[in-house]
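Observations on chain architecture
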Amino acid sequence: MRINENILISSLTTMRLGGPARYVIEVEKPEEIPEAYNFAITNKLPVFVLGYGANTIGHDEGYNGVIIISRMKGIQEEETADGTKLTIMGGEYWDNIVDYACKKGLTGIEALSKIPGLAGAAPVQNIGAYGQEIANTLQSIEVYDTSTGTFRTLSHDDLGFSYRKSILNTTEKNRYFVISITSLLKKGQMPRPFYRSIETYISANNITDFSPQGIRSIVSAIRKDKLPDPMEKASAGSFFKNIYLTDSEAEAAESKGYPVYRGKDGNKINSGWFIEHAGFSGKLLHGIRVSDKASLVLINESAKSYNDLAEARAEIINKVYDIYGYWLEQEPIEIV
Ligand code: EPU
């Protein structure tokens, strides 16, 4: 267990904002997790569990608490009658797992290629892209339960998954520390039709390989073209969530000419469309650039503080509300 003091949150998060965290503890084995929490209890400090920092924003005043990061690595594989079970330690880099699975011809997570982050964070916000989400293949997770001080297994059904949500970031927020995740993957291919942008890419490039590796290449190319690499440009992926609507809300939105997408998982409006049509694409607001290719993405070009980001965010949210009547919701979480 490594205990570091006064580490800048800007150095631990891809948006690169945020002052010093009092302590940062890196855990390398499950037994160290209770030790790390006990350290926080002894010092009367709160705990924040951080992953790769790709969906987390720090504040200027930093964090007077203990940030715990999983450095636990390893993948276990088990063949079962239903497919291949992969058990992945939470500190593994998510995209390495997708790469590993695709090379073995396993389908189920190939559309989640190139999502920045650690495996342990994947179930927390139920990562999703191009028609897949981790909830579709996840069977169970191993956790440390801070409320009882015990190690436990939580099943898929215990986790209460929905769009970008699970109990881990809602009703049971801060209760569990994810040790490992287990997904059941099968040999084969994703069913067609694929997500619209994949189909468009396939037609434009005459692609015929839809194996997990083929889809991984397509998704990687689409993301590379549209989304900034957080290692190159400070950002936190989609900064705003899409908007989910009931059937009557969807009808009202359609009658106003807004683009409602009626998917298997419900009716959605692309929040990026509002940002674009409100005139923000490519604009620089307080050092924050609204991406011209993916308007849901905010890039920290030259913001000096969290406050700059907060001002840029308020301008976007307020204008979209004034014109269209929808409040945009932020996707990344904040360390407070
Ligand atoms: N849509 C579908 N199915 C389709 C086509 C479009 O549901 O076949 C919906 C989308 O859900 C969205 C709209 O149509 O409401 C536009 O979709 P687009 O692919 O343009 O993506 P986006 O809204 O800009 C979302 C995710 C991305 C993810 C892409 C691709 C959010 C906030 N963002 O972006 O996730 O990579 O779809 O699936 O849900 C991230 O979370 O950081 C992120 C980049």
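Note: the structure precedes this text.
Residues numbered from 1 in each chain as written. Predicted model: local features only at pLDDT ≥ 70, side-chain atom pairs only at ≥ 80, totals over all residues. Heavy atoms only, no water.

1. Thoughts on the sheet that holds strand 14 (residues 235–238)
Spatial strand order, 14-20-19-18: four strands in an open sheet with antiparallel pairing. Edge positions in the sheet fall to strand 14 and strand 18 (284–285), since each has one partner strand and no second. Summarising the sheet, strand 14 and strand 20 (residues 297–300) pair through two bridges and their orientation is antiparallel. Within strand 20, the residue paired with Ser235 across the bridge is Ile299. Helix 7 (residues 306–324) contacts strand 18, strand 19 (288–290) and strand 20 of the sheet and is inclined by roughly 30° relative to strand 19. (Pairing = 2+ DSSP bridges. Helix = DSSP H or I, 4+ residues; strand = E, 2+ residues; numbered from the N terminus. Contact = heavy atoms within 4.5 Å. Axes fitted to C-alpha atoms, helices over the stretch in contact; angles between N-to-C directions.)

2. Topic: the pattern of salt bridges
Once their charged atoms are close, side chains differing in charge can pair, the charge on each being opposite to the other. Throughout the structure, instances matching the rule amount to 17 salt bridges. Residue Lys103 pairs with Asp99 through a salt bridge whose shortest N-O separation is 2.8 Å. One end of the pair is Lys103 and the other is Asp99, both in helix 2 (residues 94–103) and four residues apart, which spans about a single turn. Between Lys241 and Glu329 there is a salt bridge, with its nearest N and O atoms 3.2 Å apart. With Lys241 in the loop between strand 14 and strand 15 (243–245) and Glu329 in the loop between helix 7 and strand 21 (333–335), the pair connects residues that are 88 residues apart, well separated along the chain. Each of Arg2, Glu26, Glu28 and Arg71 takes part in one network of salt bridges that share partners. (Salt bridge = Lys/Arg side-chain N within 4 Å of Asp/Glu carboxyl O.)

3. Remarks on the sheet that holds strand 1 (residues 2–8)
Spatially, the four strands line up as an open sheet ordered 1-2-5-3, and their pairing is mixed. Among the strands making up the open sheet, the edge pair consists of strand 1 and strand 3 (47–50). Direction aside, the axes of adjacent strands within the sheet are offset by 30° on average. Where strand 2 (residues 20–27) lies against strand 5 (residues 63–70), six bridges are found, and the strand directions are parallel. Bridge pairing links Val24 to Ile67 in strand 5. Packed onto the sheet, helix 1 (residues 32–42) meets strand 1, strand 2, strand 3 and strand 5 and runs at close to 160° relative to strand 2.

4. Description of helix 4 (residues 212–226)
In this model helix 4 runs 21 Å from its N-terminal to its C-terminal C-alpha over 15 residues, within 8% of the 21 Å that 1.5 Å per residue would give. Inspection of helix 4 places Pro212, Gly214, Ile215, Arg216, Ile218, Val219, Ser220, Ile222 and Arg223 among the buried residues, and these make up the whole buried set. On the buried face of helix 4, the contacting elements are helix 2, strand 8 (106–107), strand 9 (128–129) and helix 3 (196–205). (Expected span 1.5 Å × (residues − 1). Buried < 20%, exposed > 50% of the residue type's maximum accessible area, 1.4 Å probe, protein only.)

5. Some words on the site of the ligand
As a structural note, the neighbourhood of the ligand is formed by 19 residues, with Tyr130, Tyr163, Arg164, Ser238 and Lys268 the closest of them. In the model, an oxygen atom of the ligand is placed 3.2 Å from a nitrogen or oxygen of the Lys226 side chain. At 2.7 Å from an oxygen atom of the ligand is found a side-chain nitrogen or oxygen belonging to Lys268. Coverage of the ligand by the protein chains reaches 86% of its 800 Å² of free accessible surface. Those elements that provide at least two residues to the shell around the ligand are helix 4 and strand 14. Residues that form the shell around the ligand fall into these classes: eight nonpolar, four polar and seven charged. (Near = heavy atom within 4 Å. Polar contact = N/O pair within 3.5 Å; in protein donor to acceptor, adjacent residues only side chain to side chain. Areas by Shrake-Rupley, 256 points an atom, 1.4 Å probe, with all protein chains shown as cover. Nonpolar A, V, L, I, M, F, W, Y, C, P; charged D, E, K, R; others polar.)

6. Overview of the side chain of Ser235
You can see Ser235 is positioned in strand 14. Given a relative accessible area of 1%, Ser235 falls into the buried group. Sequence-distant contacts of Ser235, defined by excluding residues within four places in its chain, comprise Thr14, Met15, Pro228, Pro230, Val297, Leu298 and Ile299.

7. Regarding helix 2
Along an α-helix, residues three or four positions apart point the same way, because every turn accommodates 3.6 residues. Of the residues making up helix 2, those classed as buried are Trp94, Asp95, Ile97, Val98, Ala101 and Cys102. Relative to the axis of helix 2, the buried residues are bounded by an arc of 155° and lie together on one face. Against strand 6 (75–80), strand 7 (83–89), strand 8, strand 13 (176–187) and helix 4 lie the buried residues of helix 2. Gly105 lies just past helix 2 and shows a positive phi near 75°. (Arc of directions from axis to C-beta.)

8. Concerning the environment of Ala135
As for its position among the elements, Ala135 is in the loop between strand 10 (132–133) and strand 11 (138–145). Put simply, Ala135 and Tyr163 are 28 residues apart on the chain and 9.6 Å apart in space, counted from C-alpha to C-alpha. Setting aside its immediate chain neighbours within four residues, Ala135 contacts Asn126, His156 and Phe161.

9. Quick notes on the nonpolar core
With 40 residues, the main nonpolar core has Trp94, Ile141, Ile181 and Ile198 as its most contacted residues. It is helix 2 that contributes the most residues to this core, five residues altogether. The contact partners of Trp94, leaving out residues within four places of it in the chain, are Ile109, Leu112, Ile115, Gly117, Leu118, Ala119, Ala122, Ile127, Ile134 and Ile181. In terms of nonpolar packing, the next biggest core, distinct from the first, is built from 33 residues, Phe274, Phe280, Val290 and Leu296 among them. (Core = buried A, V, L, I, M, F, W, Y, C linked by side-chain atoms within 4.5 Å.)

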